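Inside the fold
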Amino acid sequence: MKIRDAFRHGLSLVNHHRKMIGIIYLVNLCFALIVAAPLFTLFHSRVGSLVGRDELLTGLPYSWWSALQIDARGLENTIRPSLSGGFGPLIDNLELLLTGQFQLYGWFVFSLIVGYLFIAAFFNGGAIALFADERRSFSAGRFFSYAGTYFHHMAALAVTTVALFALLYKVINPAIFSLLDRIVGDSLSQSFAWIVHFIGYLFILTIVFLITLILDYAKVIVISEKKNSSWASIGLAAAFIFRSFGKTVGLNVLLAFLAIALVLGGGLLMSIITPSNLLLLVGSFIVQQLFIAAKIAVRLTFYASETALYQAHAAARTMVKKRKR
Amino acid sequence: MNKIVSILFLVVVLSGLASAQGLPCEKVASYKIDATLDPLQKTVAGVAVLTWKNIGTAPTSELWFHLYLNAFKNSKSTFLTESARHYADFLARFADDGWGFCDVLSMSASGELFEADLEPRFMRPDDGNADDETVLKVDLPAAIAPGKTVTVKIDFLSRLPHRAPRSGYRGDYFFVAQWFPKIGVWTDNEWNCHQYHAHSEFFSDYGDYDVRLTVPSQFIVGACGVMTDSTANSDNSVTVRYQQECIHDFAWTAYPHYKIAIRTFEHPELPAVTMKLLYQPDHKRYVDDFFGATENTLKYLGLWYVPYPYSHITIVDAACKSGAAGMEYPTLFTTSVDWLTARGSQEPAGLTVHECAHQFFYGLIASNEFENAWLDEGFTTYATSRCMNTAYGPGAYHKIYLNRDGLGIPWTVSKSEKDQRDWIVENHRARGSRDVMNKCSWDYVDRLAYRNNAYEKPALMLWTLENSLGEAVWTEIMHAYTSRWSFKHPRPQDFIDIVNEFAPENMDWFFDKMLNEAGVVDYAVTHIESNAAVKRKGYFGVGDGRELKDDDGEDATFESQVHVERLGDIQLPVELLVTFENGETAANVWSGEEPVKIFYFRGAQIEKAEIDPYHKVWLDANPLNNGKYRRADGFASFRWGTTWLFWLQDLFELIAVFS
Ligand SMILES: [Zn+2]
């Protein structure tokens, strides 16, 4: 199977099961609302009657934000000017992938994202199993039942991923940068130092890419092959990627471009809208929510395309084996 | 190419030098110095000939000198003791024998009645620290009478410290400041010559400088004054001569990789100034910014205060992490910029304007920075923010993604505008209650207390004064202060006297609070209510006119109150503006004395109340609580609630990558 075919096949799989996007989106929204709602109330009590509140519709004036810091409590501390731009929230989050500073926004937010990690793992089982299933019709019942069936595997793989990333952020990342700092040494050229650091981040990005690639295929394999051991599936995934390196990497690069295009398009759209009146405020909220749904769809397209690619290769191998016999 | 540029520059500055003759300074301390840089040993060997004139009213038989570089001689010096207290890991930079010093090898003096070798002794006037060797005293065989001069010849060897603040080297980059034995100030018939402290260093007399610097020929030199000669020597070195009248210090830099650019500042109402920029090879794209910021400073400060009196200025873009960036010397200043910057940061303009503004508040108005740091840094911070606001407008919040040591991907959030004064208020708010302005800089409890009282509080104080007194009066005050005290050493009282001369009322009470009280100004509107007016019931009037009434009355439909509170320690009078729902307004003035005050109103319901509505009191540490609507609305909170929700949802989806 060609990369292009796997990609198209993945898109059509997601399209067939698009109700899944709705379910995951709703869970994402509800989980976030649990904490956003009290913050909304807190913020309302703080700015609802202040003169100058209208300025907060078009942005976050620096002087306001800086004064807000005086007695900001808890989650209020995570309100920051970068959130006011269209790209700000997205880039703030993307940066975490390279720095691993997930505790940056406090332990409460950190515990929430850990909670969401397992929710996402739960849905991954359902999604990949449906993609691997030959039946093309979506059924919420099967989705949840698959999710339950494979949760232990998905959770184990999620924990493994987290462990690998912890290793990356806590050990490999500092080691790389201390090496790079030594290369920069006493150089008086900032451009040289910048380029050396940039190479460091490219390296980290490559590792992030490879870890997710292997672990994605491990999920696909543990479900497609009905394996008992998630650990064994990691080995099989690595072997599969090694064998079909060009295709697996190529497919994920293509998918990554899709994700980047979404971030650029969404960020641009959200930058353009300045929610200065009620209509625009509601409009900007709708755009934000559509963006989240699209992001979920893209993530599912990763799994669907990877499942399609893997299954095509597995089928081809079975044919070869049969023929040999 | 560089040689051609240098020759061109020489021609330009020589003509400039001729026109700049006759600056109105009293020449007290003039130096002729011959010095040689040894880049391998990191040393500068020199012979200085000082001509010093006693302009006091009493004779003196002592001379006091600063030996600034001895601050980096060992970890026990006053400078390094203070620095280690304020900054973690400060001493690490000297670990690989990066120490510096200034040795006086010999010293002799010749006056009207004597000629003698001198015996230097170290003095510790500020803290008695026996390990500090930054002040030196010599006894003369005879006293120098008022109006008389003495000539002192000093052989010295200075070793430059590694990456030390302000002066030192990094690799083959040299910035050489505070490098020669510099005489203290004989004032009020005593020597004012403080030790070198972590946060203060400047106070010296004007004079003429004639300095010859010999460096290996591959080095490009920049220095205070104008280059009047350049001679290639047989040993592959070059000797450059810099001259300048009426300056009070001399610094220079040498680096093989500097790039040079020269432009002329011109303005119909101001004298032309030749600007020479020495910049880092990878900062070419900032050349316009460096020049632009310098031109804006010369223009606005020149128009607002006094024209820059010298014919030239040297802008040095200091090497990164050299410790030299952001410093001021007469006719030369250092600035810097990151290889990539966010547009919203307004760099390198911000730092360049600040350091160039020091040409006025330090270079021209040579206050005692040791003892009255706010006259130097406070006025500069104020003038910088004024110039930046006028020339550049507001900046914006910016951040550097993947930031390591300031290097990363800069990003400007254009929807978060930042007035130049915002960061000043922000810093003042956090540190405002610490200590008072009226203090020697080394006596502060920590560096933040020093920063607040030297930079932020005085800058906000000057903004508040300007807004309260009005632009016309303020212009006169600043013009009088800068023109009367150019080439002189003003004290705080000299500025206060000028304010009192022009202000409609005596402002001693204001300065007394500002200079001697710790704390911040913070006013808030804390409560607004409008209630239906109480009905008119009961007897009204006397005698025959007494009537029993039960009606709404004529004058008021609503009775309202506004509560204002003074949350800060410092009390200043402020305005209160109340806007009613029918569009009418009511203005009040509150002395701010009581901790809480209630203002009562009758008439329409109140829409909003604002204290200091025109934002005159920039000293107010929390402007957020200055205004309040009677009724809350949910737009802003919905906007920020949903934005925050979106950020969290996106973060969840990002984390799903790990699932
Ligand atoms: Zn300064």
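Conventions adopted
Residues numbered from 1 in each chain as written. Chains lettered and ligands numbered in written order. Predicted model: local features only at pLDDT ≥ 70, side-chain atom pairs only at ≥ 80, totals over all residues. Heavy atoms only, no water. pLDDT = per-residue confidence, 0-100. Contact = heavy atoms within 4.5 Å. Helix = DSSP H or I, 4+ residues; strand = E, 2+ residues; numbered from the N terminus. Expected span 1.5 Å × (residues − 1). Buried < 20%, exposed > 50% of the residue type's maximum accessible area, 1.4 Å probe, protein only. Donors = N, O, S within 2.8 Å, 3.2 Å for Na, K, Ca; no water. Tetrahedral: all angles 85-135°; square planar, octahedral: opposite > 155°, others 65-115°. Buried area = accessible area lost by both parts, 1.4 Å probe. Salt bridge = Lys/Arg side-chain N within 4 Å of Asp/Glu carboxyl O. Polar contact = N/O pair within 3.5 Å; in protein donor to acceptor, adjacent residues only side chain to side chain. Nonpolar A, V, L, I, M, F, W, Y, C, P; charged D, E, K, R; others polar. Axes fitted to C-alpha atoms, helices over the stretch in contact; angles between N-to-C directions.

Our focus in this paragraph is the confidence of the model for chain B. Residues and elements named next belong to chain B. Here chain B shows a mean pLDDT of 93. Residues at 70 or above account for 96%. Ignoring residues within four places in sequence, the model shows residues 1-20, a span with pLDDT below 50, making 23 contacts including any to other chains. Per the prediction output, this complex has pTM 0.92; the corresponding ipTM is 0.96.

Let us look at helix α12 (residues 635-655) of chain B. With 21 residues, α12 of chain B should reach 30 Å at 1.5 Å per residue; the first-to-last C-alpha distance of 30 Å fits that figure. Across the 21 residues that make up α12 of chain B, a large majority, 19, are buried.

Moving on to the coordination of the zinc ion. Each donor-metal-donor angle would ideally measure 109.5 degrees in four-coordinate tetrahedral geometry, or 90 or 180 degrees in six-coordinate octahedral geometry. Residues and elements named next belong to chain B. Coordination sphere of the zinc ion, protein contribution only: His354 (NE2), His358 (NE2), Glu377 (OE) and Glu377 (OE), at 2.0 to 2.7 Å. Coordination at the zinc ion comes from 4 donor atoms whose angles at the metal span 53 to 156 degrees, giving a geometry best classed as irregular. Summarised as a motif, the one-chain spacing of the donors to the zinc ion is H-x3-H-x18-E. A residue pair is termed long-range when its members are at least 10 positions apart, and histidine 358 in the loop between α4 (349-357) and α5 (359-364) and glutamate 377 in helix α6 (residues 373-392) qualify at 19 residues. Residue histidine 358 is classed as buried on the basis of its relative accessible area of 0%.

With 103 residues of chain A at the interface, the matching set in chain B holds 71 residues. In this assembly, chain A packs against chain B so that about 8100 Å² is buried in total across both faces, 68% of it on carbon and sulfur atoms. When the buried surface of chain A facing chain B is broken down by residue, Tyr62, Leu188 and Gln190 of chain A rank first, second and third, together holding 11% of it. Scanning the region where chain A abuts chain B turns up 6 salt bridges. At the junction of chain A and chain B, the tally comes to 38 residue pairs in polar contact (both at pLDDT 80 or more). Considering each element in turn, the side of chain A that touches chain B owes the most residues, 14 residues, to helix α2 (residues 19-47) of chain A. Classifying every residue of the side of chain A that touches chain B by side-chain character gives 64 nonpolar, 29 polar and 10 charged.

Now for the packing of α6 of chain B against helix α7 (residues 420-431) of chain B. When two helices pack together, their arrangement is captured by the angle between the axes and the distance separating the axes. Residues and elements named next belong to chain B. Contact geometry of α6 with α7 gives a least axis separation of 8 Å together with a crossing angle of 145 degrees. Counting all contacts with α6, which are made through Thr381, Ser385, Met388 and Asn389, the residues of α7 involved are Gln420, Arg421, Trp423 and Ile424. For the contact of α6 with α7, the per-class residue count stands at 3 nonpolar, 4 polar and 1 charged.

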